[in-house]
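These are the residues of each chain, in order.
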Amino acid sequence: MIHMLNAAADRVKWTRSGVAKRAACLVAAAYALKTLYPIIGKRLKQSGPGKKEEASRAAENREVLHCTETICKKPSPGVNADFFRQLLELRKILFPKLVTTETGWLCLHSVALISRTFLSIYVAGLDGKIVKSIVEKKPRTFIFKIVKWLMIAIPATFVNSAIRYLECKLALAFRTRLVDYAYETYFTNQTYYKVINMDGRLANPDQSLTEDIMMFSQSVAHLYSNLTKPILDVILTSYTLIQTATSRGASPTGPTVLAGLVIYATAKVLKACSPKFGKLVAEEAHRKGYLRYVHSRIIANVEEIAFYRGHKITELAGYTARVYNMFWVFDEVKRGIYKRTVAIEKPENHSKNETNIELPLSDTLAIKGKVIDVDHGIICENVPIITPAGEVVASRLNFKVQEGMHLLITGPNGCGKSSLFRILSGLWPVYEGVLYKPPPQHMFYIPQRPYMSLGSLRDQVIYPDSADDMHDKGYTDRDLECILHSVHLYHIVQREGGWDAVMDWKDVLSGGEKQRMGMARMFYHKPKYALLDECTSAVSIDVEGKIFQAAKGAGISLLSITHRPSLWKYHTHLLQFDGEGGWRFEQLDTAIRLTLSEEKQKLESQLAGIPKMQQRLNELCKILGEDSVLKTIRSEDETS
């Protein structure tokens, strides 16, 4: 080895030490290449076939569906073109205009970051002067520099604390802006209902609305701080070093290029070896949302269960993808574009039998119907009842309900009774035909299980209004007392401690009391039309009749779903579904219908005993060893 070094030095006129240094560099480079090559190769192999497999899978699904829809499994979030596009779209929400609160906090934060950079350069120069005074053995200069260093530490500490404070304020401002925009979109045009029931892209909207927005806001503010400070440090420190090198006659080109190459190579190696943090963050957020959902299910059904015993920028990419996807879904749902995940069988040569794809509902069933708001009447012209899954429950409804008419809706379970109410309320779209209906403020829907809000007893009666809304409408507590008298519920005012009592009303009130509270809300809002979906099934028949009679006396047109014959007399027309897609609309003759109902019940009671009688006859024939004509006929019928 020594002879080789000497020969090389003589040939190219290198010094022996120079050749040794170059040989050491080559050995180190060879060792690094040997160590990193398997890791980089493995990462490239994993990414290559994955992309090919994903592309082939997409092509196969397009062939199966004869459409251009993509696989529901979306690309992993990462620092790519999609990330920057999503970030630019979210920037429009964060900074809707040039002069905003967020812009102010961002400017203050930038000033603090620049101040810290200049302080860092000044302190670095001061450190050099302190070392120089020590080398030159100048005690007086050393003490003077130390005092100056201690004095500069006071504003430096303040600036560091200010940076952390301003970062938190910036994150809070971002979060406030996003939350306001998200909830405004979420509660517009009943998007909260349609996202869950009509669309299948957001599994846990509450997770996206709370934790994802919070983490995204913190990540953006933290990333800006972590990127701005190092970039400023590099630029200003490089400028200072270049100035120093130039003043001493040295060329800064070589070291600058070398430093740039080292930084570039390091970034490439880290990118190839690092895991996909964006994908991991998105998966973590998804699992947190699912865990929260499961816990909420446990809390909501705890009694039934007891009975049955029963890295930074890539992290930002993950949160950016989830927050952007949430706003994107909200916007599409608001515009009537719904997508649901369906299972499609894969070809036999694949190990898995099914794959989930995201198919727009509008592609399988176009929304061609119209909804027109009118002042009087409800008119359906060729309006079908179609579920979010695309199932046609009833075809081409044609009926008209004028003010003063009271419609009874009947039919077997699953025939479309409640679905009609969802269409009238605007929760489900009108796929065909034309629906003329009053504006939402003139229609009031009361379900079988009314929602009990958080708040006082007064809030339960006036829901969803607030106390200020109640006073603006001219209502007083005395008026609310009259309403509770109408629904036989005034006793709870004394029982629970007055109108200002705040309790968990869903547990305090019984089932019948909650249903009567729902009817009290109807009397408070005084709509033109009330959609009653089995809303008095837990109320006694006498009280139920008085409530219906009071509603008719108040001029409210009733559209009722009920199985109680005692309520038929409060209706004038009948809409009856047969459960097979058919229906009929006619004027209701209560007397005839009650007679037919009594005859039906009588036949049911008589026929109910026949199987038992037939069983006893067979037993007697067996005991006596005889036969029976009825038994023979029964046997022949079973044989045929």
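Structural data are supplied above this passage.
Residues numbered from 1 in each chain as written. Predicted model: local features only at pLDDT ≥ 70, side-chain atom pairs only at ≥ 80, totals over all residues. Heavy atoms only, no water.

Helix length check: helix α20 (residues 541-553), at 13 residues, gives a terminal C-alpha distance of 18 Å against a target of 18 Å (1.5 Å per residue), a fit within 8%. The set of residues buried in α20 consists of V543, E544, G545, I547, F548 and A551. In this structure, the buried side of α20 is in contact with α16 (477-486), α19 (511-525), β11 (529-533) and β12 (557-561). Looking at the residues trailing α20, positive phi occurs at G555, about 80°. (Helix = DSSP H or I, 4+ residues; strand = E, 2+ residues; numbered from the N terminus. Expected span 1.5 Å × (residues − 1). Buried < 20%, exposed > 50% of the residue type's maximum accessible area, 1.4 Å probe, protein only. Contact = heavy atoms within 4.5 Å.)

Along the chain, the position of E102 falls in helix α4 (residues 101-135). Overall, E102 belongs to the buried group, its relative accessible area being 5%. In this structure, E102 is in contact with L94, F95, L170, A173, F174 and R177, ignoring residues within four places of it in sequence. At 2.9 Å, the side chain of E102 forms a polar contact with the side chain of R177. (Polar contact = N/O pair within 3.5 Å; in protein donor to acceptor, adjacent residues only side chain to side chain.)

Attention shifts here to the packing of aromatic side chains. In this structure the tally under the stated criterion is 14 aromatic pairs. Centre to centre, the rings of F187 and Y192 are 5.5 Å apart; their planes meet at 50°, and the pair counts as tilted. Members of the aromatic cluster, joined through ring pairs, are Y183, Y186, F187, Y192 and F330. (Phe/Tyr/Trp six-rings, centres within 6.5 Å; stacked < 30°, edge-to-face > 60°.)

Attention shifts here to a nonpolar patch on the surface. Residues I143, V147 and M151 make up a contiguous nonpolar surface patch of about 300 Å² in total accessible area. Relative to the helices and strands, M151 resides in helix α5 (residues 139-186). Taking relative accessible area as the criterion, M151 reaches 57% and is therefore assigned exposed. (Patch = residues over 30% accessible without salt bridge, like charges linked within 9 Å, V, L, I, M, F, W, Y side chains within 5 Å. Areas by Shrake-Rupley, 256 points an atom, 1.4 Å probe, with all protein chains shown as cover. Salt bridge = Lys/Arg side-chain N within 4 Å of Asp/Glu carboxyl O.)

Looking now at the nonpolar core. M326, L424 and L559 are the most contacted members of the largest nonpolar core, which has 58 residues in total. Here the element with the most residues in this core is helix α11 (residues 312-334); it accounts for eight residues. Judged by nonpolar contacts, the second largest core, of 37 residues, contains L480, L509, M522 and F548. (Core = buried A, V, L, I, M, F, W, Y, C linked by side-chain atoms within 4.5 Å.)

What follows deals with the pattern of salt bridges. For side chains of opposite charge, pairing can occur when their charged atoms come near one another. Counted according to the given criterion, the structure contains 17 salt bridges. Between D500 and R458 there is a salt bridge, and its shortest N-O distance comes to 2.9 Å. With D500 in the loop between α17 (491-496) and β10 (502-503) and R458 in helix α14 (residues 457-462), this residue pair connects regions lying 42 residues apart in the sequence. On the basis of relative accessible area, D500 is assigned to the exposed category, the value being 59%. What makes R458 buried here is its relative accessible area of 12%. Via salt bridges that share partners, R458, D477 and D500 belong to a single interconnected network.

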